[in-house]
Amino acid sequence: MAEIKRSPKAEEILSQINSNTKLGDLRKIAKDIKKDHELAMELWSSEKFPARLLAILIMDKKLLTEDVLNKLDKDMQTHPISERNNLMDWLMANHLTKDKKKIALLESWENSPSSLQRRAFWYYQGRLRWTGKTPTDNTEYLLSALEANIAQEEPEVQWAMNFTAGWIGVYDEKNRARCIKLGEKTGLYKDEKVSKGCTPNYLPEFITIEANKRLKN
C-alpha cells in the first residue's frame with residue numbers, strides 16, 4: 001500500500017490534516033467525501049495516524065475481505081500501541097460490527113496470532129454487554145476463557161478481557177462474585193490512578209461502582 005501513487009485529491013487532503021487535527025474534523029471531512037475506497041487506500045498509504053483514521057471512515061466495508069483486513073492489521077502494528085488500538089477500534093466500530101459476515105470474522109479472532117485481533121474480539125464482547133446487547137449463550141465460555149488466559153495475555157488484550165469481565169459482572173448478577181474474584185486474583189489495575197469522576201479498571205471496584213449506579217437509576 002505504501003507504493004500507491006497518490007492522486008491530487010489525496011495529496012490535497014493530506015496537506016490539510018496533521019497530528020493536531022481533531023477527530024471531529026476528520027469526521028466532517030469524511031462526511032463530505034462519503035464512501036471512496038480507492039481514496040481511502042491512498043490516504044492509508046501515507047502511513048500517518050490521522051490519515052489512517054480518516055481512511056477507515058471512508059472505506060467500503062464490502063471490499064474489506066479477510067486478506068485486506070489482515071494487511072490493515074499488519075500495517076497498524078507499525079504504530080505506537082495507543083494509535084494501533086485506536087485504529088482497530090475505529091475499524092471495528094465503523095465496519096466490523098455492521099454486518100453478519102464481518103461480525104463472524106471478528107468472532108473468529110479469539111485465538112488469532114495478532115494481539116490486535118484478539119483484543120478486538122474481547123472488546124467486541126465487552127461492548128455488547130456495555131451497550132445492553134448481551135448474548136446469553138456464551139457468558140460461561142467467556143468466563144472460563146478469561147480465567148484460563150487473561151494472566152498471560154499481552155497488555156492490550158488484557159485490557160479488553162478485563163473490560164469484558166467488568167461488564168459481565170455489572171449486568172450478570174449470578175456471575176458477579178466470579179468476576180470480582182477474577183480481578184482479585186489477577187490484581188490487574190489495582191494500583192492504577194484514575195481521574196476524578198472516572199471508574200477504576202480494577203474489577204472489584206469497577207463492578208461495585210457501575211452496578212450500584214444502575215441500582216440508583
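To be clear, the structure that these remarks concern was listed above.
Residues numbered from 1 in each chain as written. Predicted model: local features only at pLDDT ≥ 70, side-chain atom pairs only at ≥ 80, totals over all residues. Heavy atoms only, no water.

1. Notes on the overall build of the chain
(1) Moving on: The helix and strand inventory of the chain stands at 12 helices and 0 strands.
(2) Moving on: Along the three orthogonal principal directions, the C-alpha set of the chain runs to about 60 × 35 × 30 Å.
(3) Moving on: In the chain, buried positions account for 48% of the 217 residues.
(4) Moving on: Sequence-distant contacts, at least 24 apart, represent 63% of the contacts inside the chain between residues at least 6 apart. (Helix = DSSP H or I, 4+ residues; strand = E, 2+ residues; numbered from the N terminus. Buried < 20%, exposed > 50% of the residue type's maximum accessible area, 1.4 Å probe, protein only. Contact = heavy atoms within 4.5 Å.)

2. As for the environment of Glu192
(1) Moving on: Considering the arrangement of structural elements, one finds Glu192 in the loop between α11 (176–186) and α12 (203–216).
(2) Moving on: A distance of 3.1 Å separates the side chain of Glu192 from the side chain of Asn201, its partner in a polar contact. (Polar contact = N/O pair within 3.5 Å; in protein donor to acceptor, adjacent residues only side chain to side chain.)

3. A few points about empty space enclosed by the protein
(1) Moving on: Summed over the entire model, instances satisfying the criterion amount to 1 cavity of 30 Å³ or more.
(2) Moving on: Of the pockets and cavities examined, the largest cavity occupies roughly 50 Å³.
(3) Moving on: Around the largest cavity, the lining residues are Trp159, Asn162, Phe163, Gly166, Asn201, Leu203 and Phe206.
(4) Moving on: Elements represented by at least two residues in the lining of the largest cavity include exactly α10 (155–171) and α12. (1 Å grid on protein atoms, 1.4 Å probe; cavity = no way out; pocket = protein on both sides within 12 Å on 5 of 7 lines; lining within 4 Å. Points joined across faces, edges and corners; volume = space filled by probe spheres on them.)

4. Structural notes on the environment of Pro204
(1) Moving on: Secondary-structure assignment places Pro204 in helix α12.
(2) Moving on: Pro204 gets classed as buried once you look at its relative accessible area, which sits at 13%.
(3) Moving on: The spacing of Pro204 and Gly183 is 21 residues in sequence and 6.2 Å in space, taken between C-alpha atoms.
(4) Moving on: When neighbours within four sequence positions are excluded, Pro204 is seen to be in contact with Ile180, Gly183 and Glu184.

5. Things to note about the pattern of salt bridges
(1) Moving on: Evaluated as defined, the whole model comprises 9 salt bridges.
(2) Moving on: Beyond isolated ion pairs, a larger network of salt bridges with shared partners links Glu140, Glu147 and Arg178. (Salt bridge = Lys/Arg side-chain N within 4 Å of Asp/Glu carboxyl O.)

6. With respect to the packing of aromatic side chains
(1) Moving on: Following the criterion strictly, the structure yields 9 aromatic pairs and no others.
(2) Moving on: Residues Trp130 and Trp167 carry aromatic rings whose centres are separated by 6.4 Å and whose planes lie at 25° to one another, so their mutual orientation is stacked. Residue Trp130 is located in helix α8 (residues 115–130), and its partner Trp167 is located in helix α10; the two are separated by 37 residues in the primary sequence.
(3) Moving on: The exposure class assigned to Trp167 is buried, which follows from its relative accessible area of 4%. (Phe/Tyr/Trp six-rings, centres within 6.5 Å; stacked < 30°, edge-to-face > 60°.)

7. Describing the nonpolar core
(1) Moving on: Judged by nonpolar contacts, the single largest core of 61 residues is most densely connected at Leu43, Met59, Leu91 and Trp122.
(2) Moving on: Here this core takes 8 residues from α10, the largest share from any one element. (Core = buried A, V, L, I, M, F, W, Y, C linked by side-chain atoms within 4.5 Å.)

8. Brief notes about the side chain of Arg52
(1) Moving on: Residue placement: Arg52 occurs in helix α4 (residues 49–58).
(2) Moving on: Within the buried set, Arg52 has no salt-bridge partner at all; the shortest N-O distance to an opposite charge, 4.1 Å, is to Asp75.
(3) Moving on: Side-chain polar atoms of Arg52 contact the backbone oxygen of Trp44, separated by 2.9 Å.
(4) Moving on: Setting aside its immediate chain neighbours within four residues, Arg52 contacts Trp44, Glu47, Asp75, Met76, Thr78, His79 and Leu87. (Lys, Arg positive; Asp, Glu negative; His and termini not counted.)

9. Some details on helix α2 (residues 23–33)
(1) Moving on: Turning to α2, its buried residues are Leu26, Ile29, Ala30 and Ile33. Seen from one end, α2 has its buried residues packed into an arc of 100°, which puts them on one side. Across from the buried face of α2, at angles greater than 90 degrees, the exposed residues are Lys28, Lys31 and Asp32.
(2) Moving on: Looking at the buried positions of α2, the neighbouring elements they touch are α1 (8–16), α3 (37–44) and α4.
(3) Moving on: Phi for Lys34, located one or two positions after α2, is positive at around 65°. (Arc of directions from axis to C-beta.)

10. A short note on unusual backbone geometry
(1) Moving on: With a phi angle near 65°, Lys34 is a residue other than glycine that sits in the positive phi range.
(2) Moving on: By the element assignment, Lys34 lies in the loop between α2 and α3.
(3) Moving on: The backbone phi angle of Tyr189 is positive, close to 65°, even though this residue is not glycine.

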